[in-house]
Protein chains: 2
Amino acid sequence: MALLVQKFGGSSVADADRIRRCAQRAYDARRAGHDVVVVVSAMGKTTDRLIELAGEVAASPPKREMDQLMAAGEQVSIALTAMALSSLGQPAVSLTGAQARILTEPAHTRARIRTIDTSRVRQHLAQGRVVVVAGFQGVTDEGETTTLGRGGSDTTAVALAAALRADECEIYTDVDGVYTADPRVVPSARKLARISYEEILELASLGAKVMASRSIFFGAKYNIPIHVRHAMLPDPGTMIVSETKEMEQEEVTGVALKTNLGRVTLTGLPTAPGIQARIFAAIADAQVLVDDIIQNEVSPETTSVSFTVDHADLADIKPVLDRILSDSGPVRGAGSWGAVRVDVGLCKVSAVGVGMRSHTGVAAKMFRALAEAGVRIQNITTSEIRISCILAKEDGEKAMRAVHGAFGLEVPARG
Amino acid sequence: MALLVQKFGGSSVADADRIRRCAQRAYDARRAGHDVVVVVSAMGKTTDRLIELAGEVAASPPKREMDQLMAAGEQVSIALTAMALSSLGQPAVSLTGAQARILTEPAHTRARIRTIDTSRVRQHLAQGRVVVVAGFQGVTDEGETTTLGRGGSDTTAVALAAALRADECEIYTDVDGVYTADPRVVPSARKLARISYEEILELASLGAKVMASRSIFFGAKYNIPIHVRHAMLPDPGTMIVSETKEMEQEEVTGVALKTNLGRVTLTGLPTAPGIQARIFAAIADAQVLVDDIIQNEVSPETTSVSFTVDHADLADIKPVLDRILSDSGPVRGAGSWGAVRVDVGLCKVSAVGVGMRSHTGVAAKMFRALAEAGVRIQNITTSEIRISCILAKEDGEKAMRAVHGAFGLEVPARG
């Protein structure tokens, strides 16, 4: 008998019929002898509709009230899920974030979980009930409702699994697992039976929309196996687990494509320390997330820095940078430091795999594949288990297929 | 500077525009220097939609989960109302029933308020905030969500006003006050400036849909003036207050009509003690609310009992009564006790006024008015401040106009 946490996303509980099917999943696991905790998101487009309503009553609604408002969404879905379980003859009880004692910091709309007091959940489990917990929400020590931000329900599920020392956290979603590449772009892409936390984190941040990173961090930290699977299909999906020996046999596990990138290049910057800190502090103040940063020293006096951001953020950044450069004082007698160049229409193709640590020539193989496909590489960045190339947007899909093929990812490999 | 509780019902907060208008009301009161607590119901048809959803997932949803589900409705409207106040520049904070510490008994879907710990509300008021509290909901000592049943938001408002020792509880609704009779039936009906708790309780139980009785009991018990007024109109409505000397000057304050009544008559019952208790215990077990009970002793051995119920409940009652009578053993040698007769299509016209205590001939005046209108009186019941006549349904409106006229209610009287 195991303890399972099952998480169902908004599209999996979008209507009464789907809620009944999710309840059936939980019921089946309970009948198989497991203790079951269910975490659900708000139904379908509920959260969007609530945000829309908020916009109709106030131009800039206070974050505290946004949290109070949005938390109502999951309150509806937990109650309905518990009812559906009851009507299958399975005793069940729904708990809001506050009732499940998911204690967070007081940062509204993006609170972090501080701790979970599982006594109440355990008490219900001990009485044979399925416990249905509201995802995405928590409560402060003062009883204020908070929400966890994007991907919050995944975070709730994995954090609860960690706090309960669950045997597995199942993430039910509308995809049937993690693939070697996006099957819409690479038709020969293959579902992975297993992937490491580290690899999925790299793939997630690279544009593979599988799970929110924060929840995977939790899984890695507490070593909770996360099973990503389809809510409406019976087949097993992909297990996200700690790195294993076999995983290292492969050079590359998956390939990801991030689109809609823009690039900013600052040239003629002083080489003296401090300018980078000033630039990126100003960008952070403008609430813009920077993707990759690449610096090249051009001469002993000047250097250039490039960085990529989401296309949509370019407009916010340009005036910030212009101001910094004009504030930096004159260079070589006249004028101000440097120049700002903005490039649009870029993408990033990345290969990820823990095997890179022990295999040589992985980068060379990737660059060769791109060259043979006639793709020009504009920038390169790497991490221990990742190689990324910035390319023209129109080369993205072709490049992805080339890299996927070069590493033989279409062939079934690890079991 | 006064402390006001303002309650807005579901139709007053049915959309973003109306919520903004309610917020404006609260804002105006705050600008006038008052401390303001706002109580809101769920938006428009929200509760009905949630009940419908529950019906789609489960045939008989557990009451605990119904409460969890329905409480989400007010959570949406409190957050939106607080946002609307903020966007007017008025600091505001929303509190769920649990956050406002409205502590109830653990009876789901019909919990009674045990006590309210007002410290948190007072703390927010002291900081200049308008406090927006969810109506209809509370919490048990164990943190379970409860709801207060029909008219629950009125109960929340008056109970909060009592706990806070508020100067007034304003009930904003879609009528502009309490009338001497329903103006749709009696066009000459007049809005009352004041009415006593006792009178409004009689009128409410007689079919005048103004406020839920439970909330008026609270008002009477703690002597909280309740101001019933229109949410979208500026005019003052009707104040519900303790009985005053002037009120006793009038014979009758208002006339009410209750339609859709059915009557059950049991004849040939034994006069020995006990049969009434058995009959009405069985009806209570069938969850049917009995309206009036009338007993006539017909002979030393047998008696007859009539009672009125809502038309719709008649079908539930008939088999219950047949069983009781056949279980009661033989009467006068052969057969079982008594017979059951069911009449449908009845109504009840009532005159109410605290002045009845000091005026004589009020009943005679009412019966004469009915006689002159050609209305046959089928049953009569009275209380200290009420006279009711059971009539054929088709006589109801004519009877009401006749009684209203006989007591001169169309003429402005008390101020």
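Calculation criteria
- Residues numbered from 1 in each chain as written.
- Chains lettered and ligands numbered in written order.
- Predicted model: local features only at pLDDT ≥ 70, side-chain atom pairs only at ≥ 80, totals over all residues.
- Helix = DSSP H or I, 4+ residues; strand = E, 2+ residues; numbered from the N terminus.
- Rg over C-alpha atoms; globule rule 2.2 N^0.38 Å.
- Contact = placed C-beta atoms within 7 Å.
- Domains from an automatic or database assignment.
- Axes fitted to C-alpha atoms, helices over the stretch in contact; angles between N-to-C directions.
- Left-handed = near helix turned anticlockwise from the far one by under 90°.
- Nonpolar A, V, L, I, M, F, W, Y, C, P; charged D, E, K, R; others polar.
- Pairing = 2+ DSSP bridges.
- Core = buried A, V, L, I, M, F, W, Y, C linked by C-beta atoms within 7 Å.
- Buried ≥ 20, exposed ≤ 12 C-beta atoms within 10 Å, placed from the backbone.
- Least-squares fit on C-alpha atoms with pLDDT ≥ 70 in both.

### Description of the overall build of chain A
Check the secondary structure of chain A and you find 11 helices and 20 strands. A compact globule built from 415 residues would reach a C-alpha radius of gyration of about 22 Å, and chain A, at 24 Å, matches this within 12%. Its C-alpha atoms give chain A principal-axis dimensions of about 80 × 55 × 30 Å. Of the contacts formed within chain A by residues at least 6 apart in sequence, a portion of 75% connects residues at least 24 apart.

### Points about the domain arrangement of chain A
All names here are of chain A. Domain boundaries assigned for chain A yield domain 1 (3-242) and domain 2 (247-407). Just the C-alpha atoms count here: the centres of domain 1 and domain 2 sit 34 Å apart. Listing elements by their share of the side of domain 1 that touches domain 2, those giving two or more residues are strand S10 (194-196) and helix H6 (197-205). Top element by residues in the side of domain 1 that touches domain 2 is H6. It accounts for 4 residues.

### A few points about the packing of helix H8 (residues 275-285) of chain B against helix H9 (residues 314-327) of chain B
A pair of packed helices is captured by two measures, namely the crossing angle of their axes and the spacing between those axes. All names here are of chain B. Between H8 and H9, the least distance of the axes is 10 Å, while the angle of their chain directions is 145 degrees. The two elements H8 and H9 meet at a crossing, and its hand is right-handed. Mapping the contact onto sequence places Arg278, Ile279, Ala282 and Ile283 in H8 and Ile317, Val320, Leu321 and Ile324 in H9. Its residues assigned to classes, the contact of H8 with H9 comprises 7 nonpolar, no polar and 1 charged.

### Observations concerning the interface of chain A and chain B
At the junction of the two partners, chain A supplies 30 residues and chain B supplies 30 residues. Broken down by secondary-structure element, the contributors of at least two residues to the side of chain A that touches chain B are helix H1 (16-31), helix H2 (46-57) and helix H3 (63-87) of chain A. Considering every element that reaches the side of chain A that touches chain B, the biggest residue donor is H3(A), with 15 residues. Residue composition of the side of chain A that touches chain B, by class: 20 nonpolar, 7 polar and 3 charged.

### A short note on the sheet that holds strand S20 (residues 386-392) of chain A
All names here are of chain A. The strand order across the open sheet built from 6 strands is S14-S15-S13-S18-S20-S19, with neighbouring strands paired in antiparallel fashion. Edge strands, defined here as strands with exactly one partner in the open sheet, are strand S14 (290-297) and strand S19 (379-383). When strand polarity is set aside, the average angle formed by the axes of neighbouring strands in this sheet is 30 degrees. Strand direction decides the pairing type here: strand S13 (residues 254-270) and strand S15 (residues 302-310), joined by 8 bridges, are antiparallel. Looking at S15, one finds that Gly262 is bridged to Val309. Set on the sheet, helix H8 (residues 275-285) makes contact with S13, S14 and S15; between it and S13 the angle comes to about 125 degrees.

### Here we look at the nonpolar core
Burial of nonpolar side chains together is a common tendency in soluble globular proteins. Ranked by size, the top nonpolar core spans 231 residues in total, and within it A:Leu160 and B:Leu160 carry the most contacts. When residues of this core are assigned to domains, at least three fall in each of domain 1 (3-242) and domain 2 (247-407) of chain A. Among all residues touching A:Leu160, those that are not within four sequence positions of it are A:Val5, A:Val37, A:Val39, A:Ile116 and A:Val133.

### Concerning the relation of the copies chain A and chain B
For the pair chain A and chain B, the relating rotation is 180 degrees, the translation along its axis is 0.0 Å, and the fit reaches an RMSD of 0.1 Å. Taken together, the turn and the small shift mark the pair as related by a two-fold rotation axis. Minimal C-alpha separation from the rotation axis in chain A is found for A:Ala72, amounting to 2.3 Å. With an isologous cut-off of 70% or more, the 100% of interface residues of chain A that recur at the interface of chain B puts this contact in the isologous class.

### Concerning the pairing of strand S19 (residues 379-383) of chain B
Residue and element names in this part refer to chain B. Bridge analysis of S19 against strand S20 (residues 386-392) gives 5 bridges, and the strand direction is antiparallel. Its bridge partner lying in S20, Thr381 is registered against Ser388. Here S19 hands over to S20 after 2 residues, the two strands then running antiparallel side by side.

### Description of the environment of A:Lys191
All names here are of chain A. With respect to the helices and strands, the residue Lys191 is situated in the loop between strand S9 (168-173) and S10. Overall, Lys191 belongs to the partly exposed group, with 17 C-beta atoms counted inside 10 Å. C-alpha of Lys191 to C-alpha of Gln137: the two residues are 54 residues apart in sequence and 32 Å apart in space. Aside from chain neighbours lying at most four places away, what touches Lys191 is Asp176, Gly177, Tyr179 and Thr238.

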